[in-house]
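Spelled out, the chains give:
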Amino acid sequence: MRLTFFDLDNTLLAGDSDYEWGRFLVDEDVVDQSTFARANDTFRAQYEAGVLDIHAYQRFVLQPLIQESATRMAALRERFVATRIAPIVARHAASVIDFHRQRGDLVAIITATNRFVTEPIAHLLAVEHLIATEPEIVDGAYTGAIAGTPSYREGKITRARSFLAALSIQPEHVTFYSDSHNDLPLMRWADRAVAVDPDERLAAAAREAGWPVISLRGETMPTLA
């Protein structure tokens, strides 16, 4: 069996779903514009610099789920995916996913973004398996904490191994597509890494390692192997 992992934000999407969710909540007046937007930008900069405290970030981003009703947040999420995410699915994302599925790969999305935001996006992309950061839920309510290991940086390796163990499979070959230097641990763990519209640090690492560099956003479908 061959296994292919895809990062989500800025890989299959031409944008960041977590960041866009924050902007959406500001636009919908769910959160205070001045304080939330500023913090959202700060956390994004920390992620890009590779210094994000994922636990602090999740406490921040999960606050609306603690404060608002589940019914309201579910309705907002549905509109968010339709209006903010569907338009930024990368041009060739579906074709690349289908390429791997047609050749018999097990396909999964692995993302640091939490499951509340990403689960309907995985459905939109028709990907059954999703490994996301899991928000802690106690007595049916979000606590703001993370349950288990967040799928971020080295944690993606831990979560990937747990995923494989849960399915009782040992793939012969693992491919991983990502845009971010934060994913270098999993890219080095995989048998084959593919840099997708990479940030500068990942582009440099890809050149050094000899990894292919592709774009899922351009006019031409990339050559795959």
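My aim in this report is to walk through the structure given alongside it, one point at a time. Worth saying up front: this structure is predicted, and the values here are computed from it rather than measured.

Quick notes on the environment of Ala225
And then number 1: Tracing the backbone shows Ala225 in the segment after β8 (213-214).
And then number 2: By relative accessible area, Ala225 is classed as partly exposed at 49%.
And then number 3: Along the backbone, Ala225 and Gly148 are 77 residues apart, and their C-alpha atoms lie at a distance of 34 Å.
And then number 4: With residues up to four places along the chain from it excluded, the contact list for Ala225 reads Phe99, His100, Arg103 and Arg192.

Quick look at the packing of helix α2 (residues 17-27) against helix α4 (residues 54-61)
Between two packed helices, both the angle of their axes relative to each other and the distance between the axes serve to describe the pair.
And then number 1: With their axes 12 Å apart at the nearest point, α2 and α4 run at an angle of 30° to one another. Judged on the interaxial angle alone, α4 and α2 are roughly parallel. Read as a crossing pair, α2 and α4 show a hand that is left-handed. Along the contact surface, α2 presents Asp18, Tyr19 and Trp21, while α4 presents Tyr57, Gln58 and Val61.
And then number 2: When its residues are assigned to classes, the contact of α2 with α4 shows 4 nonpolar, 1 polar and 1 charged.

Quick look at the side chain of Asp179
And then number 1: In this structure, Asp179 sits in the loop between β6 (173-178) and α10 (184-189).
And then number 2: Despite its burial, Asp179 remains without a salt bridge, the nearest opposite charge being carried by Arg217 at 6.1 Å.
And then number 3: Sequence-distant contacts of Asp179, defined by excluding residues within four places in its chain, comprise Asp7, Asp9, Asn10, Thr11, Val196, Asp197, Pro198, Asp199 and Leu202.

A word on the sheet that holds strand β3 (residues 129-133)
And then number 1: What the 6 strands build is an open sheet, ordered β3-β2-β1-β6-β7-β8; its pairing is parallel. Taken across any chain shown, the strands that pair with only one partner, and hence form the sheet edges, are β3 and β8.
And then number 2: Here 2 bridges tie strand β7 (residues 192-196) to β8, and the two strands are oriented parallel to one another. Note that in β8 the partner of Val196 across the bridge is Ile214.
And then number 3: Its contacts with the sheet put helix α7 (residues 93-102) on β1 (2-6), β2 (106-114) and β6, and the angle it makes with β1 is roughly 165°.
And then number 4: Against the sheet, helix α8 (residues 115-124) contacts β2 and β3, and its axis sits at roughly 150° relative to β2.

Rules behind the numbers
Residues numbered from 1 in each chain as written. Predicted model: local features only at pLDDT ≥ 70, side-chain atom pairs only at ≥ 80, totals over all residues. Heavy atoms only, no water. Helix = DSSP H or I, 4+ residues; strand = E, 2+ residues; numbered from the N terminus. Buried < 20%, exposed > 50% of the residue type's maximum accessible area, 1.4 Å probe, protein only. Contact = heavy atoms within 4.5 Å. Axes fitted to C-alpha atoms, helices over the stretch in contact; angles between N-to-C directions. Parallel < 35°, antiparallel > 145°, perpendicular 65-115°, else oblique. Left-handed = near helix turned anticlockwise from the far one by under 90°. Nonpolar A, V, L, I, M, F, W, Y, C, P; charged D, E, K, R; others polar. Lys, Arg positive; Asp, Glu negative; His and termini not counted. Salt bridge = Lys/Arg side-chain N within 4 Å of Asp/Glu carboxyl O. Pairing = 2+ DSSP bridges.

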